[in-house]
Amino acid sequence: MSDVARLAGVSTATVSRVVNGRYGVSASTVAHVRSAIEQLGYETSLVATSLRRSRTNVLGLVTHSFQPYTAEVLKGVMDALSQSGFDLIIYANSDLYGTYSEGWEKRHLARLSGTLTDGCIVVTPWSKLESSTPLVAVDPATDSTVPSVMADNLAGATTAVEHLLDLGHRRIGFIAGRSGLAAALSREEGYRKALTDAGVPIDTTLIGRGDFNPASAVPLARELLSRPDRPTAIFAASDGMALKVVEVAKDLGLSVPGDLSVVGFDNILESALADPGLTTIDQSMYRLGHEAGRMLKSLVCGNWRGPRHIVLPTRLVVRGSTTAPRL
């Protein structure tokens, strides 16, 4: 600020009034100071601003790791905040699919909440959240009580398995997501519901416990597909895991969809580009982010009037990874 004042030939108090939009400075002086600011690339300190105003006009997005799902959510959040006057800080684990100990959300939020941000969006938190500033969870934990946005995971999973049943499959494997996440539990419930409604007995030996990390699906898929009574189809709780199932099937000499039909959940870009294209459940990840950004912005401003928990519809996207089983 002192550098700006020297270049503009004014006092630091005048620079402060211009930066903070206060009255008492002539238009010509404002223009002169702003020119100096532009020349020097001056930016105000977020911490100093928050201490003065009790507001930073910055929101946070906290995530365990950056995956295709997270990237699509982020696009929606950024569009929701466009021209809102809020900036966005993204805080993530450095590894793309890195492991992280329990409580990662709380540590991240402790670093961001209050001083650097006015509120945060947490993507797929593993545990119950607490913060002194507004929070919105995208795909919350099962015991979450904070405002949230999620897809209708039960309906989506039910539709995915019904699609396989309609094709004639009866031995349908399932690779679940991380336990403790509401989405994972609902997707398994949908798998079980579709089989039960169709009168197909549930074989628990065909259910593998993944954690949404694509690599977790590899040993599970290899075990399922190496059985003499292997399933003719597998539904995976995420596209990342489903794509790994396809890789394992090919490594074992099985064709997809000839020998094995595969369905995922998410509709990430990679699912459309895969060979064959992956049949999946589209949960509109962009809209999840957009609704979360819109909700958090309104919560921070104190004018949110919508529901505390938003559930978005899903739809089946049929591609080349599914077909009728061979007789």
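Now for a look at the structure at hand. Since this is a predicted model, take the numbers as computed values, not measurements.

What about the overall build of the protein chain?
Reasoning step 1: In terms of regular secondary structure, the protein chain is built from 12 helices and 12 strands.
Reasoning step 2: For the protein chain, the spread of C-alpha atoms along the principal axes amounts to about 85 × 35 × 30 Å.
Reasoning step 3: Within the protein chain, buried positions represent 51% of all 327 residues.
Reasoning step 4: Here the protein chain displays about 14,900 Å² of accessible surface, and carbon together with sulfur accounts for 51% of that area.
Reasoning step 5: Each charge class in the protein chain can be summarised by its mean position, and for the 32 positive and 32 negative side chains these summaries are 6 Å apart.

Some points on the pairing of strand β8 (residues 233–236)
Reasoning step 1: Of the two faces of β8, the one carrying Ala233 and Phe235 and the one carrying Ile234 and Ala236 are both buried.
Reasoning step 2: Relative to β8, strand β6 (residues 172–176) runs parallel, the two sharing 4 bridges. Bridge pairing in β8 places Ile175 opposite Ala236.
Reasoning step 3: The pairing of β8 with strand β9 (residues 261–266) spans 3 bridges and is classified as parallel. By the bridge assignment for β9, Phe235 is matched with Val263.
Reasoning step 4: Traced from β8 through helix α10 (residues 239–251) to β9, the parallel crossover comes out right-handed.

So, the pairing of strand β1 (residues 58–63)
Reasoning step 1: Among the 6 residues that make up β1, 6 are buried, leaving the element largely enclosed by the rest of the structure.
Reasoning step 2: Where burial is concerned, the two faces of β1 agree: the one with Val58, Gly60 and Val62 and the one with Leu59, Leu61 and Thr63 are both buried.
Reasoning step 3: Looking at chain direction, β1 and strand β2 (residues 87–92) are connected through 6 bridges and run parallel. The residue bridging Leu59 from the neighbouring strand is Leu88, located in β2.
Reasoning step 4: Examined bridge by bridge, β1 and strand β3 (residues 119–123) share 5 bridges and lie parallel to one another. Bridging from a neighbouring strand, Leu61 pairs with Ile121 of β3.

What about the packing of aromatic side chains?
Reasoning step 1: On inspection of all chains with the given rule, the structure shows 2 aromatic pairs.
Reasoning step 2: Between Phe174 and Tyr191, the aromatic rings sit 4.8 Å apart at their centres with planes inclined by 15°, giving stacked as the arrangement. In this pair, Phe174 is assigned in strand β6 and Tyr191 in helix α8 (residues 182–197), connecting sequence segments 17 residues apart. The exposure classification of Phe174 matches that of Tyr191, with both residues buried.
Reasoning step 3: Among the aromatic residues, those joined into a cluster by ring pairs are Phe174, Tyr191 and Phe235.
Reasoning step 4: We note Arg187 situated over the ring of Phe265; from NZ or CZ to the ring centre the distance is 3.8 Å.

Brief notes about the pattern of salt bridges
Reasoning step 1: Enumeration over the complete set of coordinates arrives at 12 salt bridges.
Reasoning step 2: Close ionic contact of Arg171 with Asp203 constitutes a salt bridge, the shortest N to O distance being 3.7 Å. Within this pair, whereas Arg171 is found in the loop between α7 (153–167) and β6, its partner Asp203 is found in the loop between α8 and β7 (207–209), the two being separated by 32 residues in sequence.
Reasoning step 3: Residue Arg171 is classed as partly exposed on the basis of its relative accessible area, which comes to 27%.
Reasoning step 4: Across the salt bridge formed by Arg227 and Asp229, the nearest N and O atoms sit 3.0 Å from each other.
Reasoning step 5: One network of salt bridges, in which partners are shared, links Arg171, Asp203, Arg227 and Asp229.

Here's the deal with the nonpolar core
Reasoning step 1: Counting 77 residues, the largest nonpolar core has Ile121, Ile175, Tyr191 and Phe235 as the members making the most contacts within it.
Reasoning step 2: Ranked by residue count, the leading element in this core is α10, at 7 residues.
Reasoning step 3: Counting 10 residues, the second largest nonpolar core, distinct from the first, contains Val4, Val18, Val25 and Val30.

Observations regarding the sheet that holds strand β5 (residues 148–151)
Reasoning step 1: Read across the open sheet, the 6 strands follow the order β2-β1-β3-β4-β5-β11; overall the sheet is parallel. Of all the strands in the sheet, the pair left with one neighbour each is β2 and β11 (309–312). If you compare each strand with its neighbour and ignore which way they point, the axes differ by 15° on average.
Reasoning step 2: Where β3 meets strand β4 (residues 135–138), 4 bridges bridge the pair, whose relative direction is parallel.

Considerations on the packing of helix α5 (residues 68–81) against helix α12 (residues 285–301)
Reasoning step 1: It is at 6 Å that the axes of α5 and α12 come closest, and there the two elements cross at 40°. In this view, α5 runs oblique relative to α12, as classed from their interaxial angle. Relative to α12, the crossing made by α5 is right-handed. Taken together, the residues of α12 that come into contact with α5 (itself represented by Tyr69, Glu72, Val73, Lys75, Gly76, Val77, Asp79, Ala80 and Leu81) are Met285, Tyr286, Leu288, Gly289, His290, Gly293, Arg294 and Lys297.
Reasoning step 2: Within the contact of α5 with α12, the residues separate by chemical class into 8 nonpolar, 4 polar and 5 charged.

Cut-offs applied
- Residues numbered from 1 in each chain as written.
- Predicted model: local features only at pLDDT ≥ 70, side-chain atom pairs only at ≥ 80, totals over all residues.
- Heavy atoms only, no water.
- Helix = DSSP H or I, 4+ residues; strand = E, 2+ residues; numbered from the N terminus.
- Buried < 20%, exposed > 50% of the residue type's maximum accessible area, 1.4 Å probe, protein only.
- Areas by Shrake-Rupley, 256 points an atom, 1.4 Å probe, with all protein chains shown as cover.
- Lys, Arg positive; Asp, Glu negative; His and termini not counted.
- Charge placed at Lys NZ, Arg CZ, Asp CG, Glu CD.
- Pairing = 2+ DSSP bridges.
- Right-handed = clockwise from strand over helix to strand, strands pointing away.
- Phe/Tyr/Trp six-rings, centres within 6.5 Å; stacked < 30°, edge-to-face > 60°.
- Lys NZ or Arg CZ within 6 Å of the ring centre and 35° of its normal.
- Salt bridge = Lys/Arg side-chain N within 4 Å of Asp/Glu carboxyl O.
- Core = buried A, V, L, I, M, F, W, Y, C linked by side-chain atoms within 4.5 Å.
- Axes fitted to C-alpha atoms, helices over the stretch in contact; angles between N-to-C directions.
- Parallel < 35°, antiparallel > 145°, perpendicular 65-115°, else oblique.
- Left-handed = near helix turned anticlockwise from the far one by under 90°.
- Contact = heavy atoms within 4.5 Å.
- Nonpolar A, V, L, I, M, F, W, Y, C, P; charged D, E, K, R; others polar.

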